[in-house]
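Remarks on the overall topology
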Amino acid sequence: MEMTDSLRLGPLADPTQFVGSLDIAGYAGDDLKRMLAGMLTIRFAEEAVADLVESGEAVCPCHLGIGQEAIAVGVSSVLRHTDKIFGNHRSHSHYLALGGDLFAMYAEILGRKAGASQGMGGSMHLFAPDVGFCGSVPIVGATIPIAVGAALAAKMDGRGDVAVAYFGDGACEEGVLHESLNMAAIYKLPILFVCENNLYSSHLDIGLRQPTDSVARFAAAHCISHRVVEGNDLIAVAKAAGDLVKAGRESGSPGFLEAVTFRWRGHVGPKEDIDVGVRRKPEILAAWKHRDPVRRLREAMVKTGMLTDAQFEKTCAVIKSAIADAVERARKAPYPETAALLDLVYAPRRNQ
Amino acid sequence: MSAPVSYAEGILQAFRYLLGNYPEVFAIGQGLWSPWYVGASMKDLDKEFGQARVIDTPISELATTGAAIGASLNGYRPIVIHPRLDFMVLATDQIVNQAAKWRHMLGGRSPAVTIRGIINRGGEQGAQHSQALHAWYAHIPGLRVVMPATPQDARDLLIAATLCDDPVLYIDDRWLYELSAEMPPPGPVDLTTQTPKVLRTGTDITFVAASYSVTLAREAAEALAKKGVSAEVIDLRVINPLDHSVTRASVKKTGRLLAIDGGWQTCGLAGEIIAGAVEDLPPSAFRARPQRITLPDAPAPTSKVLENIYYPTTEHVVAVAEQMLAE
């Protein structure tokens, strides 16, 4: 489902809608299997992070995006490794969907030197430039202008690369989003702004923070082409992202994708935050869990004969095994040397 | 050596050298297509190097600085220009939370970005058009902060900042723009090897300063020389990371330390200069209590009467030095 020219999300924000299997016509089985595996990897990987937090092994703040997997996987399906992708505090999905290494993610979360950021950042600071993931930080909205600058670099390079900024509906309340949209529009920069609108900031429902629940209106205000999609529909996300990225590569124009979704866990950590979330009710969460991006793709693939239940179970087992292996290796990996505390403040002197 | 070059022309020379020799360098900020904002220091750069590399921006300090950081993480060496430090405060998230920390917290690349902030005060401009906030930024690990005091440093420290692999805040002062000196042709400069300079040797008292305060120190040293007092003048040049070694060596010799700074006193640069010497030297090394001259801890006033007592003067430096010598 895709919405056009409305200030309200309407049915897109209603978890009882869009619960059937997806329309996968035109997609090859191999591509769908790869994307299904991508979503499963993110889900199981984050469940394992939740376990590490529960057990006390992971201490750094871990923000889980379980339930939102279709957005990162759909967007990443139209990206390449020379693109420049920036995340936020909730970026395990963005990192993994691009092919970020599982072991390096767990090592980072556990503060080990082999981590994605040398064990210096934890869950909120992931870094994998080899696959295009240029960094994530928890200051809300902070990577948005940085992605604009990466798009400026891409434009100067002239190789058709694009930048991507992932952020949430909460970041749309930061002034820097508006500065960034304006600059991307006037300089005609190849950037895709991706708002994962999960209808919540840390604890507040969007209805208590903004006069209306669709944030694509900000793109319209800056004359940036925008699409509003059902964010738990992998195909809808991939198609809209594909159109916007194509325009970025070919004509250097910015695009804005609003993908409507819901996070199953709380703002930070493994709990569901029913108690601290204003307007966050058990029945609403249950309904969103039924609007599951994984189930809906799986059902469509089974229905069309692309996937059997046995194949699905096997895929799940393979992924879970790889995750367990990565966690175990991370547990055994060494911590950074104490010298890292001061050695990493400034770049090493040249000719040293 | 050729004809004398002014401080403002030194900055312009640095931009021309950098844009002419390094294709990865570009300049971005408010007012770059107009001489109104940045004076002679960037005159006609847009015409010489094109508006794709000398980019004027909307009134968006935060996003402009963030964009420069993003480009610096992708192979470029941008120089962001903030025509007043007061407005640069709006970019502080990107300077303090992002540029200064990415290398450490992501265990990876530093944003090789240069952020130029201009101190532009006096003339009854008041509290939001006058600030010298260098001490704030020098407090931040990961951010290098340079404050040129001389025309050659105006040029060479801008070159050094831009070629440095770390984020650098380069702060110049409009009160220095007319100062001129002879200098050799520009060339590459490595910021990591730049240290404080003794601009004048002396035996009775040590003046330590940066930026415009160095002018006050030099003028005071001249005045004191006529009275038979020998003052040593140290120009810090780089205030983060702060190298205390030159100050310590000088105070060992003179036994008297006067720190002069154009910022406020509380948690400021002058206090840091004194702490760096006091904690390293025995009490017996001091022939007088170390002193500091700073702005009073008040916002900049507009009324002429108040402005006249707000900024430190050469006479002020001489008077405090004489008190110390009499101690």
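Residues numbered from 1 in each chain as written. Chains lettered and ligands numbered in written order. Predicted model: local features only at pLDDT ≥ 70, side-chain atom pairs only at ≥ 80, totals over all residues.

So, on to the overall build of chain B. Per the secondary structure count, chain B includes 14 helices and 14 strands. On C-alpha atoms alone, chain B measures out to a radius of gyration of 20 Å, which is about the 20 Å that the 2.2 N^0.38 rule sets for 327 residues. If you line up chain B on its principal axes, its C-alpha atoms span 60 × 45 × 40 Å. Out of the 327 residues belonging to chain B, those deemed buried represent 56%. Counting only contacts in chain B whose residues sit at least 6 apart along the sequence, the fraction spanning at least 24 positions is 80%. (Helix = DSSP H or I, 4+ residues; strand = E, 2+ residues; numbered from the N terminus. Rg over C-alpha atoms; globule rule 2.2 N^0.38 Å. Buried ≥ 20, exposed ≤ 12 C-beta atoms within 10 Å, placed from the backbone. Contact = placed C-beta atoms within 7 Å.)

Grouped together as the largest cluster of nonpolar side chains are 219 residues, with contacts concentrated most on Val 164 of chain A together with Phe 207 of chain B. Among the domains, domain 1 (5–188) and domain 2 (197–326) of chain B are the pair contributing at least three residues each to this core. Setting aside residues up to four positions removed in sequence, Phe 207 of chain B forms contacts with Ala 217, Ala 220, Ala 221, Ala 231, Glu 232, Val 233, Ile 234, Leu 258 and Ile 260 of chain B. (Core = buried A, V, L, I, M, F, W, Y, C linked by C-beta atoms within 7 Å. Domains from an automatic or database assignment.)

Now for the packing of helix H1 (residues 29–54) of chain A against helix H11 (residues 309–332) of chain A. All names here are of chain A. Viewed as axis vectors pointing N to C, H1 and H11 meet at an angle of 45°, and their least axial separation amounts to 10 Å. In terms of their interaxial angle, H1 and H11 are classed as oblique. Remark: the crossing between H1 and H11 carries right-handed chirality. Seen from H1, the contacting residues are Ala 37, Leu 40, Thr 41, Phe 44, Ala 45 and Ala 48; seen from H11, they are Thr 315, Cys 316, Ile 319, Lys 320, Ile 323 and Val 327. Its residues assigned to classes, the contact of H1 with H11 shows nine nonpolar, two polar and one charged. (Axes fitted to C-alpha atoms, helices over the stretch in contact; angles between N-to-C directions. Parallel < 35°, antiparallel > 145°, perpendicular 65-115°, else oblique. Left-handed = near helix turned anticlockwise from the far one by under 90°. Nonpolar A, V, L, I, M, F, W, Y, C, P; charged D, E, K, R; others polar.)

Our focus in this paragraph is the sheet that holds strand E5 (residues 114–119) of chain B. Residue and element names in this part refer to chain B. Strand order in the open sheet made by the seven strands is E3-E2-E4-E5-E7-E6-E12, with mixed pairing throughout. Looking at which strands have only one partner, the edges of the open sheet turn out to be strand E3 (54–56) and strand E12 (238–240). In this sheet, neighbouring strand axes are inclined to one another by 20° on average, regardless of whether the strands run parallel or antiparallel. Note that E5 and strand E7 (residues 168–173) share six bridges and pair parallel. (Pairing = 2+ DSSP bridges.)

Looking now at the environment of Lys 253 of chain B. Along the chain, Lys 253 of chain B falls in helix H11 (residues 245–254). Placed 85 residues apart in sequence, Lys 253 of chain B and Val 168 of chain B show a C-alpha to C-alpha distance of 33 Å.

Reports of interface size often rely on the accessible area that becomes lost once the parts have come together. All names here are of chain B. Annotation of chain B at the domain level lists domain 1 (5–188) and domain 2 (197–326). Domain 1 and domain 2 are separated by 26 Å when their C-alpha centres are compared. Between domain 1 and domain 2, the residue contacts involve 22 residues of the former and 21 residues of the latter. For the side of domain 1 that touches domain 2, the secondary-structure elements that each account for two or more residues are helix H8 (134–138), strand E6 (144–146), helix H9 (151–163) and E7. Class assignment for the residues of the side of domain 1 that touches domain 2 results in 14 nonpolar, three polar and five charged.

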